[in-house]
Number of protein chains: 2
Amino acid sequence: MKTRLLTVSDISKIIDMADVLKAVETAFREYGLGQAEMPPKIYLDLRQYNGDFRAMPAFVENSAGLKWVSVYPDNPDKGLPTVMAMLILNDPKTGFPLAIMDATRITSFRTGAAGGVAAKYLARPDSNTLGLVGAGAQAKTQLLALLENFELSSIHVWSLRDDEIEGFKNNFKDLPIEKASLEEAAGCDIVCTTTPARGFIVKKEWIKPGAHINAIGADAPGKQELDPQILNEAKVVVDDIAQARHSGEINVAIKEGLFPVNDIYATLGEIVAGKKAGRVDDEITVFDSTGLAIQDIATARMLFEKAKQNNIGHDFDVVG
Amino acid sequence: MKTRLLTVSDISKIIDMADVLKAVETAFREYGLGQAEMPPKIYLDLRQYNGDFRAMPAFVENSAGLKWVSVYPDNPDKGLPTVMAMLILNDPKTGFPLAIMDATRITSFRTGAAGGVAAKYLARPDSNTLGLVGAGAQAKTQLLALLENFELSSIHVWSLRDDEIEGFKNNFKDLPIEKASLEEAAGCDIVCTTTPARGFIVKKEWIKPGAHINAIGADAPGKQELDPQILNEAKVVVDDIAQARHSGEINVAIKEGLFPVNDIYATLGEIVAGKKAGRVDDEITVFDSTGLAIQDIATARMLFEKAKQNNIGHDFDVVG
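Residues numbered from 1 in each chain as written. Chains lettered and ligands numbered in written order. Predicted model: local features only at pLDDT ≥ 70, side-chain atom pairs only at ≥ 80, totals over all residues.

Considering the sheet that holds strand β3 (residues 51-60) of chain A
All names here are of chain A.
- Reading across the sheet, the 7 strands line up as β2-β3-β4-β5-β6-β1-β17 and stay open at both edges, with mixed pairing between neighbours. One side of each edge strand has no neighbouring strand; the edge strands of this open sheet are β2 (42-46) and β17 (314-316). Strand-to-strand twist in this sheet, taken as the mean axis angle between neighbours without regard to direction, amounts to 15°.
- Pairing of strand β5 (residues 83-90) with strand β6 (residues 97-102) involves 5 bridges; the strand directions are antiparallel. The residue of β6 that forms the bridge with L87 is M101.
- In the packing of helix α3 (residues 104-122) onto the sheet, contacts are made with β4 (63-71), β5 and β6, and the angle to β5 comes to roughly 90°. (Pairing = 2+ DSSP bridges. Helix = DSSP H or I, 4+ residues; strand = E, 2+ residues; numbered from the N terminus. Axes fitted to C-alpha atoms, helices over the stretch in contact; angles between N-to-C directions. Contact = placed C-beta atoms within 7 Å.)

Structure below.
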């Protein structure tokens, strides 16, 4: 029995948003049905280096495993990505390590896919304008995922950095992408916020009736992108209640007493599993994404199977 | 920048008890000085498969990382080891994954080394008889570590299984190993208990004055090898107070009210760091070992450096 190593170039050859969307949708369904296991993340905080690591273990469907991800905001100055991740995929029946894989790309794809699944269940099916608040790596995978389920006639991109918008346009030359004001981007049918803002930048009055918002950027205490009034009026769906309270979009509004935890309508898993209904009419829906280990493990399993089918990767022995 | 894969055969080529002892001693010293970081282990418990996983992150000296270890007691029936582990070693300055390595052998060597370090600081330097209660894989690495610091004139091995004792003798043909009764093994200068007992098997009256005991076997709630009277009389040193209370040798005696937590004399780190003294005269000393992530990470760092020096392993890209 061998363990397979999948490097970043192996993963790049086989990763595809349509497949990741399916894997992540199944992961949320299993979690909603109470059939997944996901202990809370643990943090190894290295303040002396302005960085931290997070251990994210999970069991979902026929797979167990762990993602080990580091977040070092000063890394771009050193020519390294802020976020780097490795993942170990195990057989849950024996613990055998099936694969070790680079998970940096998995992380960005599965985050996009969560937004895609949320929009599939929560956005109006006829949504055709997309607003992107922020134009970095996260915005790209949000767009990739939404393209799988929506016919987008115009994509309005806002960023503080013009070079990011240019880069974005160059990445998607065939798509109707336009530079937009914050207000224009926020006024679309589907809005994805992917900034590191600490204080809301999207105002309530910009959001149109029936809009769906993927709130992606807030991933730590103190981070916030949306006017709390949006949360008050909207149907708020989270990926995980404990994580969203701690570090998701709702964390600041909760601390400030502007959003009661009981106003969380559902988890995305409950909606995907059919335990709770999705949108009604022209209400506003918000998906607060913090990122779950089940998304990583389900994506990794799909990639492992695809790698085996396509003879991608490098096998090695762990028992000897 | 590349990440290095070290397989089980790579590790076997370079692992050496003298090196592991040094690395583990340094890890305990750093921990004792409060210069290491080690969040509590997290468990992913898969009762439906009678197995569990443990995520063990740590920062020590110039390294960060995580061991991901599975424990499946039914595995030997399937031709697989009960314990399997992988380890990710990172640069603490950037999070960059320096190496991925098989950690099954690291786990057994670093456990042996903890016993070796404990005996170096706690056993009488002129100890020359060793008693091994249990003759499995753990007993072997205890012996390997003790051979580095003690001149052993006789090694008394007890096991319920004669084939284990024969296997043990065949592994160490040049050493003065004898099959022994439980009482004989327990009556040596240094005693290592490595059984899965749940209820004490080593009696107080068998232990001689001035003896040192490495209590290795107890690693889960309910496990116990030593008569609680031994703990009451001895100077008890643990690797980590929280882990020892939860799942070390002292856990049962604490629950039964037979050993007050306040009677723990010190952590091994405090002793190695010189914050507390070791043995005095003919008292009995007990080291309660549960296994710490710092031991794994320090050992992994040493192996990574050695692998680089000897061109061992396989490099791959994680940033691309």
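Resuming the write-up.
Looking at the interface of chain A and chain B
- Residue-level contacts link 43 residues of chain A with 43 residues of chain B.
- Contributing elements (two or more residues each) for the side of chain A that touches chain B: α1 (8-14), β2, β3, β4, β5 and β6 of chain A.
- Looking at the side of chain A that touches chain B, the element that brings in the most residues is β3 of chain A, giving 5 residues.
- Its residues placed into classes, the side of chain A that touches chain B shows 28 nonpolar, 10 polar and 5 charged. (Nonpolar A, V, L, I, M, F, W, Y, C, P; charged D, E, K, R; others polar.)

Here we look at helix α11 (residues 293-309) of chain B
All names here are of chain B.
- An ideal rise of 1.5 Å per residue puts 24 Å on 17 residues; α11 measures up with 25 Å between its terminal C-alpha atoms.
- For α11, the buried fraction is high: 13 of the 17 residues fall into the buried class.
- Trailing α11 by a residue or two, N311 shows a phi angle of about 55°, which is positive. (Expected span 1.5 Å × (residues − 1). Buried ≥ 20, exposed ≤ 12 C-beta atoms within 10 Å, placed from the backbone.)

Quick word on the confidence of the model for chain A
- Averaged over every residue, the pLDDT of chain A is 96; residues scoring 70 or more account for 100%.
- Overall fold confidence (pTM) sits at 0.94, and the ipTM for the predicted complex is 0.93. (pLDDT = per-residue confidence, 0-100.)

Remarks on the environment of I241 of chain B
All names here are of chain B.
- By the secondary structure assignment, I241 is in helix α8 (residues 241-247).
- When the 15 C-beta atoms within 10 Å are taken as the criterion, I241 is described as partly exposed.
- For the pair formed by I241 and Q229, sequence separation is 12 residues and the distance between their alpha carbons is 20 Å.
- Beyond its immediate chain neighbours, meaning those up to four positions away, I241 contacts I264 and T267.

Focus: unusual backbone geometry
All names here are of chain B.
- The phi dihedral of D281 falls on the positive side, at around 50°, and the residue is not glycine.
- Relative to the elements of secondary structure, D281 occurs in the loop between α10 (268-272) and β16 (285-288).
- For N311, which is not a glycine, the phi torsion comes out positive at approximately 55°.
- Position of N311 among the secondary structure elements: in the loop between α11 and β17 (314-316).
- The class of N311 is exposed, set by 6 C-beta atoms lying within 10 Å.

With respect to the domain arrangement of chain A
Residue and element names in this part refer to chain A.
- Along its sequence, chain A is carved into domain 1 (3-107 + 294-316) and domain 2 (112-292).
- For domain 1 versus domain 2, the distance between C-alpha centres works out to 23 Å.
- Across the boundary between the two partners, domain 1 contributes 15 residues, which contact 18 residues of domain 2.
- When residues of the side of domain 1 that touches domain 2 are traced back to their parent elements, those giving at least two are α2 (17-32) and α11 (293-309).
- It is α2 that contributes the most residues to the side of domain 1 that touches domain 2, 10 residues altogether.
- Here the residues of the side of domain 1 that touches domain 2 are counted per class, giving 11 nonpolar, 2 polar and 2 charged. (Domains from an automatic or database assignment.)

Here's the deal with the sheet that holds strand β1 (residues 3-6) of chain B
All names here are of chain B.
- Read from one edge of the open sheet, 7 strands run β2-β3-β4-β5-β6-β1-β17, paired in mixed fashion. At either end of the open sheet lies a strand with only one pairing partner, and these are β2 (42-46) and β17. Strand-to-strand twist of the sheet, defined as the mean angle between neighbouring strand axes without regard to direction, takes the value 15°.
- Pairing geometry for strand β3 (residues 51-60) and strand β4 (residues 63-71), over 9 bridges, is antiparallel. Across the sheet, the residue bridging to R54 is V69, located in β4.
- Its contacts with the sheet place α11 against β1, β3, β4, β5 (83-90) and β6 (97-102), and it is angled at close to 70° to β3.

Here's the deal with the relation of the copies chain A and chain B
- Between chain A and chain B, which share one sequence, the superposing operator has a rotation angle of 180° and an axial displacement of 0.0 Å; the RMSD is 0.1 Å. Such a combination of rotation and displacement between the chain copies is what one expects of a two-fold axis.
- Take the interface residues of chain A: 100% of them recur as interface residues in chain B, which is what a same-surface contact looks like. (Least-squares fit on C-alpha atoms with pLDDT ≥ 70 in both.)

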